[in-house]
Amino acid sequence: MGLFSLVTLLANRLWQAGLLLKANTSWYEKDYLTFSDAIGNVRAWLWGELNFQTSGCETGYVKMPRQQFLLWQSALAWAA
């Protein structure tokens with residue numbers, strides 16, 4: 001129950017900042033955000049904010065090319 005509450009609170013902060021995204025697929029259009037969307041967004045935010053925080057903001061590489069990092073981050077954050 002604690003993890004659910006933590007994810008919900010963090011997702012609410014992301015929603016207030018306009019950063020909460022809805023994961024759609026080509027075969028299914030959701031009308032509302034789900035907990036799966038919330039946890040995917042929270043994972044992506046945590047990985048982006050907490051991991052690799054020693055790299056500079058303008059750095060093109062974060063232990064791998066930035067484009068590859070974003071691709072992996074997106075794929076892994078939504079895989080639940």
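Quick caveat, the model's predicted, so the values are computed rather than measured.

What counts and how
Residues numbered from 1 in each chain as written. Predicted model: local features only at pLDDT ≥ 70, side-chain atom pairs only at ≥ 80, totals over all residues. Heavy atoms only, no water. Helix = DSSP H or I, 4+ residues; strand = E, 2+ residues; numbered from the N terminus. Polar contact = N/O pair within 3.5 Å; in protein donor to acceptor, adjacent residues only side chain to side chain. Contact = heavy atoms within 4.5 Å. Salt bridge = Lys/Arg side-chain N within 4 Å of Asp/Glu carboxyl O. Buried < 20%, exposed > 50% of the residue type's maximum accessible area, 1.4 Å probe, protein only. Core = buried A, V, L, I, M, F, W, Y, C linked by side-chain atoms within 4.5 Å. 1 Å grid on protein atoms, 1.4 Å probe; cavity = no way out; pocket = protein on both sides within 12 Å on 5 of 7 lines; lining within 4 Å. Points joined across faces, edges and corners; volume = space filled by probe spheres on them. Nonpolar A, V, L, I, M, F, W, Y, C, P; charged D, E, K, R; others polar.

Quick question: what am I supposed to make of the side chain of Asp37 here?
Within the secondary structure layout, Asp37 lies in helix 2 (residues 35–50). Of the polar contacts made by the side chain of Asp37, one reaches the side chain of Lys30; its length is 2.7 Å. In contact with Asp37, other than residues within four places in its own chain, are Leu21, Lys22, Ala23, Lys30, Tyr32 and Trp78.

What should I look at first to understand the pattern of salt bridges in this one?
Applying the stated criterion across every chain, the model contains one salt bridge. Put simply, Lys30 and Asp37 hold a salt bridge, and the shortest N to O gap is 2.7 Å. As far as the burial class goes, Lys30 and Asp37 line up, both buried.

Please clarify how the nonpolar core should be interpreted in this entry.
The nonpolar side chains of a soluble globular protein tend to be buried with one another. With six residues, the main nonpolar core is built from Val7, Ala11, Leu14, Leu20, Ala38 and Val42. Looking at this core, the elements that each hand over two or more residues are helix 1 (2–16) and helix 2. When residues of this core are assigned to their parent elements, the largest contribution, three residues, is made by helix 1. Not counting residues up to four positions away in its chain, the partners in contact with Leu20 are Ala11, Leu14, Trp15, Leu33, Ala38 and Asn41.

Just to check I follow, could you spell out the side chain of Asn41 for this structure?
Inspection of the secondary structure assignment puts Asn41 in helix 2. Asn41 gets classed as buried once you look at its relative accessible area, which sits at 7%. At a separation of 2.7 Å, a polar atom in the side chain of Asn41 contacts the main-chain carbonyl oxygen of Asp37. Setting aside anything within four residues of it in sequence, one finds Asn41 in contact with Leu14, Leu19, Leu20, Leu21 and Trp78.

Got a minute to help me understand the layout of surface pockets in this structure?
Vacant regions in the atomic arrangement are exposed by a probe of water-molecule size rolled over the atoms. There is about 190 Å³ of room inside the second largest pocket. Lining the second largest pocket, in full, are Leu14, Leu19, Leu21, Asn41, Ala44, Trp45, Leu70, Gln73, Ser74 and Trp78. At the level of secondary structure, the elements contributing two or more residues to the lining of the second largest pocket comprise helix 2 and helix 3 (66–78). Ranked by residue count, the leading element in the lining of the second largest pocket is helix 3, at four residues. A breakdown of the residues in the lining of the second largest pocket according to their chemical character gives seven nonpolar, three polar and no charged.

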